[in-house]
Amino acid sequence: MFKILEANELTTNIFQMIVEAPRVASACLPGQFLIIRVDEEGERIPLTICDYDREKGTVEIVVQAIGAETYKLKSLKAGDSLADVVGPLGKPSDLCEESIDELKKKKIVFIAGGVGTAPVYPQAKWLKEQGVDCDVIIGAKTKDLVILEDRFKKVCNLHITTDDGSYGRNGMVTKALQDLWDEGNKYDHCVAIGPMIMMKFVCKLTEELGIPTIVSMNPIMVDGTGMCGACRLTVDGQVKFACVDGPEFDGHKVDFDQAMNRMKLYKTEEGRLYLKAQEGDTHHGGCGNCN
Amino acid sequence: MDGFVRVPVREQDAKERATNFKEVCLGYNKEEAEKEALRCLNCPNPKCVQGCPVSINIPAFIEQVKKGNVEGAYQEISKASALPAVCGRVCPQESQCEGQCVRGIKGDAVSIGKLERYVADTAREMGIKPEGAKEKKGKKVAVIGSGPSGLTCAGDLAKMGYDVTIFEALHEAGGVLVYGIPEFRLPKDAVVKKEIENVKSLGVKLETDVVIGKSVTIDELMEKEGFEAVFIGSGAGLPRFMNIPGEQSMGVFSANEYLTRSNLMKAFDENSRTPIMKAKKCVIVGGGNVAMDAARTALRLGAEVHVVYRRGEEELPARKEEVHHAKEEGIIFDLLCNPVEIHADENGWVKSITCIRMELGEPDESGRRSPVEVPGSEFDIECDAVIMSLGTSPNPLISSTTAGLDVNRRQCIVAQEETGATSKPGVFAGGDAVTGAATVILAMGAGKAAAKGIDEYLQNK
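Thresholds applied
Residues numbered from 1 in each chain as written. Chains lettered and ligands numbered in written order. Predicted model: local features only at pLDDT ≥ 70, side-chain atom pairs only at ≥ 80, totals over all residues. Heavy atoms only, no water. Helix = DSSP H or I, 4+ residues; strand = E, 2+ residues; numbered from the N terminus. Rg over C-alpha atoms; globule rule 2.2 N^0.38 Å. Buried < 20%, exposed > 50% of the residue type's maximum accessible area, 1.4 Å probe, protein only. Contact = heavy atoms within 4.5 Å. Areas by Shrake-Rupley, 256 points an atom, 1.4 Å probe, with all protein chains shown as cover. Core = buried A, V, L, I, M, F, W, Y, C linked by side-chain atoms within 4.5 Å. Pairing = 2+ DSSP bridges. Buried area = accessible area lost by both parts, 1.4 Å probe. Salt bridge = Lys/Arg side-chain N within 4 Å of Asp/Glu carboxyl O. Nonpolar A, V, L, I, M, F, W, Y, C, P; charged D, E, K, R; others polar.

Student: For this particular structure, what's the right way to read the overall build of chain A?
Tutor: The secondary structure content of chain A amounts to 10 helices and 16 strands. A globule of 291 residues ought to have a C-alpha radius of gyration of about 19 Å, and chain A, at 19 Å, matches this closely. Dimensions of chain A, computed from C-alpha atoms along their principal axes, come out at roughly 60 × 45 × 40 Å. Buried residues in chain A amount to 55% of all 291 residues. Counting contacts in chain A only where the partners sit at least 6 residues apart, residues at least 24 apart contribute 62% of the total. Accessible surface for chain A amounts to roughly 12400 Å². Of this, 48% is attributable to carbon and sulfur atoms.

Structure (structure tokens):
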């Protein structure tokens, strides 16, 4: 069992937890992820690592409640435990492999969308610790949905943009990137993490601008160790497994349309389970799957 | 009944079992087992023992069954095998112990597998446990992977008195016994969990949720955590795909994914929180035991199931018993044909698969006649799901993070057969991680050899 030390709601349906997981905490690097199970009958949920404390043996996760399992996770409090936390999984970010001198020569921009803001944080923080500056663009629908702002401010040059203009710049992350570029920020490296549709359009733009771009893919996964192949995607015409070959890939080579299509696979079945969980004994149809 | 025919084993009716996940084979009762045991001639030079990869003293345990002494029979088997209830169910006895039985020359071989199963099941019901070590050696050994080879190696080392910890990547112990082999062939709670409990009762510790190579490396286990030897039994978990057009369509799965969802995550059960696709018409590609497991699972989840295999019936790599059971249950075999393309509908879901007819040519290096395409013979099978069961290869997670550990070109760890010793001192390996995908019992045999190898290594260290 893995004890939850802290549990806080960051904004509507996005919450943060600090969990005791010494093996993960001692080995993880930015870019990697972990898998949890809420309880003994739970699904295996892949989640990004938002932060870690090697000495305390803890990891921080930031989660958006979207289905039956994540709502169940959200209901847990400090002092409760998770049945399983396994990781770190996937490869660390390529940035961790590069020499610090090389990194210092680069102008790096991170583009974070929605709950994808969380996995950007450890990368920006890691760069800061190595003495490397970076820009981060956080995109959110509206002001209330911007997360981790104060923590980002300490580790990077932060630009916030909201779709409705209620905070920071006005518009999508692609507009913010174009504007920053036009303002003279000639980036040589971009990392985009967020909804697939956002990553797809960021990649379209950065291809035009000629900025090499890394994306972090979050497809459906079961084991997370290369065993099931559910997370397979096409990169540069080749089949890759996000869990072991990624999760980070060259964004200009990822087949996003195929990846987005594959996300629909269990939509109806997950929706059914969610409805069943929400409505409990009062569930009498409406999910399209039962009579 | 004369001595030439074995006592038949009771099975769940084919029509009935095709709709449930309860065990197909019901096993012998006391009367049937004792009657079958009497058929054993107790040969002075028992060939059956030579046919057993873990060398169970088969005539000796059968003698105890004849006397009605289940505990004696169980302890006899336990000396050699940590997982008798598993082996009694999934071993290919026909090509091992039973294949060597002299009774088989003129009639049926003694039903050794079913007798082993009877002993293990009855002992479990009676609460009989294997006997542990009398003295502790005070040396720590790490076992990576809790599948058949790891459990066997751990059990044997614990019996010798070593302090053994098994590291398992998944949330549950058992490896292929829990994620791969379905409930209807190998019940999880009633059989697998209990046998693992027995291994733990020998003093073996188990740490789940540890991915060696990611959470911690082998070097760290040896340098920082005090393990003096390591056994790698991490299996062959990476699925293969065909790399044909349309393979990324929705509704195309690896057998590993399909079976893991159903077996490990219990998706066959309505109440499971893990989804699984309930296909209407499902094509399984491949003809091995895993293909049979996937086919019979899809059938039980309500699909019409076609097994597409590029060779003929004789060449099917699956056990005869599995093919026979699959046919009884209504699985359709489309033999001598091979998929060339998968077609999806406008929403990206599988709608059909194009196959081409094959004929058998000259035998290849494996001795099997290699299939050759018949030009212009393409035809379509309509289906809404395709399950690829083309074999698996070892996961590079460990080999790629362990300096000095040699692998061959198929990513299999290079290890000596007699001792399991690898190119790295103190590190041993066995099972599918070394051989590529094979059987439960061969993995157990390798785990057993490695336990001996590790004992010798540590005694001379």
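Back to the text.
Student: Looking at this model, I keep getting lost on the nonpolar core. Mind explaining?
Tutor: Residues and elements named next belong to chain B. The biggest cluster of nonpolar side chains holds 76 residues, and the ones touching the most others in it are Ile58, Phe61, Ile62, Val65, Leu115, Leu177 and Ile454. Take this core: its biggest share by element is seven residues, from helix α18 (residues 440–460). The contacts of Phe61, once residues within four sequence positions are left out, are Ile56, Ala73, Glu76, Ile77, Ile112, Leu115, Glu116 and Val119.

Student: Can you walk me through the pairing of strand β9 (residues 135–140) of chain A in this structure?
Tutor: Successive residues of a regular strand alternate their side chains across the two faces of the sheet. Residue and element names in this part refer to chain A. Most of β9 is tucked away: six of the six residues are buried. Of the two faces of β9, the one carrying Asp135, Ile137 and Gly139 and the one carrying Val136, Ile138 and Ala140 are both buried. Looking at chain direction, strand β8 (residues 108–113) and β9 are connected through five bridges and run parallel. Residue pairing for β9: Gly113 is matched across the bridge by Gly139.

Student: Whenever I open this one, the interface of chain B and chain A confuses me. Can you help?
Tutor: Size of an interface: often given as the accessible area lost when the parts come together. Counting residues at the interface gives 44 residues for chain B and 46 residues for chain A. Both faces combined, the contact of chain B with chain A buries some 3700 Å², and carbon together with sulfur accounts for 52% of it. Looking at the side of chain B facing chain A, the largest losses of area belong to B:Lys214, B:Gln248 and B:Arg273, adding up to 24% of the total buried there. For the interface between chain B and chain A, the tally reads four salt bridges. Among the ionic pairs, A:Glu69 bridges to B:Arg273, the shortest N-O distance being 2.7 Å. Those elements that place two or more of their residues in the side of chain B that touches chain A are β7 (238–239), β8 (252–254) and α13 (255–263) of chain B. Per-element tally for the side of chain B that touches chain A: the top contributor is α13(B), with four residues. Within the side of chain B that touches chain A, the residues separate by chemical class into 19 nonpolar, 16 polar and nine charged.

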